[in-house]
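Inside the fold
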Amino acid sequence: MSLELRQLRVVKAIADEGSLTLAAQRLGMAQPSVSQALAQAERAAGGPLFRRGSRGALPTPLGEVVVGHARSVLDAVERMTAAVARHREDDWPAAVRIGCAPGLLVAHLSVAVPLVAGSDVQITTAAGTAGHLAALAAGRTDAALVTHFPLPEEAGGPGDLAEGELCGAVVAVEPLFAGVCAGHRLAARPEADLAELAGERWCLPPGSDEDLGAQLAEACRRAGHPVAVRGTEYAEALELVREDRAVLPMMPGSRPAPGLVLLPLRGEPLTMATVLYWRPGGPLPEEWIRSLWEHLVRAQREIIEAAPAYRAWLAGHPDWRTTPPGPAAGHRPRG
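Residues numbered from 1 in each chain as written. Predicted model: local features only at pLDDT ≥ 70, side-chain atom pairs only at ≥ 80, totals over all residues. Heavy atoms only, no water.

The next thing to look at is the overall build of the protein chain. The secondary structure content of the protein chain amounts to 10 helices and 12 strands. A total of 335 residues make up the protein chain; the buried ones form 46% of that total. Surface exposure of the protein chain reaches about 16100 Å², of which carbon and sulfur atoms provide 52%. (Helix = DSSP H or I, 4+ residues; strand = E, 2+ residues; numbered from the N terminus. Buried < 20%, exposed > 50% of the residue type's maximum accessible area, 1.4 Å probe, protein only. Areas by Shrake-Rupley, 256 points an atom, 1.4 Å probe, with all protein chains shown as cover.)

Encoded structure:
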């Protein structure tokens, strides 16, 4: 479950005021915006949060849980904001600027950064890694959360960093699954060898990291067959998979669309690493970075790894270590 602070504020205001109309007035929002935020919160929570009747909007049992946590989170944000405002140095950014590659943890930054820093966050999302690292090195952003798709010979532990380079901490190392049609000949398997997908066409959406294509090509070569890759928009790729005309690399924590199945690949031939980068001597102190890293790791374990297919895979692979011990060791950015 991933709820934004704006949605938490709406849920709390509805609980306090007893109606969406009064909540909208209190927040200075239009009522349709309040209704939309509530609907988004209910989708994230997995069920109705309020029952509306003659006595107004009353929390459901699920709503009481969410409202209680919303109060705690928003109170922590207010206390953190006040503390930071008292002690913030002159060069502390009013809003933390973070560049991100698309991924399942990006949405959590909108909650984690205010909790950790007591400040707003500006998130720029774009495919690829090199552009985000260049923007960070040039000072156009304050941190970057990006993904790497290492080739087999590059998949070892993080390297040491020379003084003055970007520092990085690995948040998660994960296998990539194959998204296949629900009626695919291998869909019912708990795992499949990559070689069994020989002859399939793989889809890579435009803007995908070039390293993903290189990793896929090398993994198929090692499996004994060439790979056929088609670049197409993500929505079209999903339709091709549903029609059993293609397969798609997918993150293991993804919630597959109707008609799709996540198929784990035996031996983890495709992997990805999510890394948090920052500039040594930049505006974000090391303690702040460590706290943000801890929030992201917690979200990885409690939200991403809660997806049914991923949870089942992890249960069958007890030796897999998703997250390294901590951000003390550096990770060398590629490119």
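Further notes follow.
Strand order in the open sheet formed by three strands is β10-β7-β11, and the pairing between neighbours is antiparallel. Looking at which strands have only one partner, the edges of the open sheet turn out to be β10 (248-250) and β11 (260-263). For this sheet the average axis-to-axis angle between neighbouring strands, irrespective of direction, equals 40°. Taken together, the four bridges between strand β7 (residues 177-181) and β11 define a ladder with antiparallel strand orientation. Bridge pairing in β11 links C181 to L260. Here helix α8 (residues 234-242) sits on the sheet and contacts β7, β10 and β11; the angle it forms with β10, its principal contact strand, is near 110°. (Pairing = 2+ DSSP bridges. Axes fitted to C-alpha atoms, helices over the stretch in contact; angles between N-to-C directions. Contact = heavy atoms within 4.5 Å.)

On to the packing of aromatic side chains, then. The final tally for this structure, using the stated rule, is two aromatic pairs. Look at W313 and W320: their rings are 5.3 Å apart centre to centre, the planes differ by 80°, and that puts the pair in the edge-to-face class. Overall, the relative accessible area of 4% leaves W313 in the buried class. Ring pairing ties together the aromatic residues F177, W313 and W320, which thus form one cluster. (Phe/Tyr/Trp six-rings, centres within 6.5 Å; stacked < 30°, edge-to-face > 60°.)

Now for the side chain of E305. Position of E305 relative to the elements: it lies in the loop between α9 (286-302) and α10 (308-316). Despite its burial, E305 remains without a salt bridge, the nearest opposite charge being carried by R301 at 5.6 Å. In this structure the side chain of E305 is engaged in a polar contact, spanning 3.4 Å, whose partner is the side chain of T322. Filtering out sequence-adjacent residues up to four positions away, E305 remains in contact with Q300, Y310, R311, L314 and T322. (Lys, Arg positive; Asp, Glu negative; His and termini not counted. Salt bridge = Lys/Arg side-chain N within 4 Å of Asp/Glu carboxyl O. Polar contact = N/O pair within 3.5 Å; in protein donor to acceptor, adjacent residues only side chain to side chain.)

With that settled, consider helix α5 (residues 106-117). With 12 residues, α5 ought to run about 16 Å at 1.5 Å a step, and its terminal C-alpha atoms sit 17 Å apart, in line with that. The element α5 is largely enclosed, with a buried count of 11 among its 12 residues. All buried positions along α5 are accounted for by V106, H108, L109, S110, V111, A112, V113, P114, L115, V116 and A117. Downstream of α5 by one or two residues, G118 has phi in the positive range, about 70°. (Expected span 1.5 Å × (residues − 1).)

General note: in soluble globular proteins, nonpolar side chains tend to be found buried as a group. L109, L145, V171, L276, W288 and L292 are the most contacted members of the largest nonpolar core, which totals 43 residues. In terms of residues, this core owes the most to one element, α9, which gives seven residues. Residue contacts for L292: discarding those within four places in its chain leaves L109, A112, V113, V116 and L276. Core analysis: the next-biggest nonpolar cluster, separate from the first, contains 25 residues, V11, L38, A45 and V66 among them. (Core = buried A, V, L, I, M, F, W, Y, C linked by side-chain atoms within 4.5 Å.)

Just distances and angles here, no functional claims.
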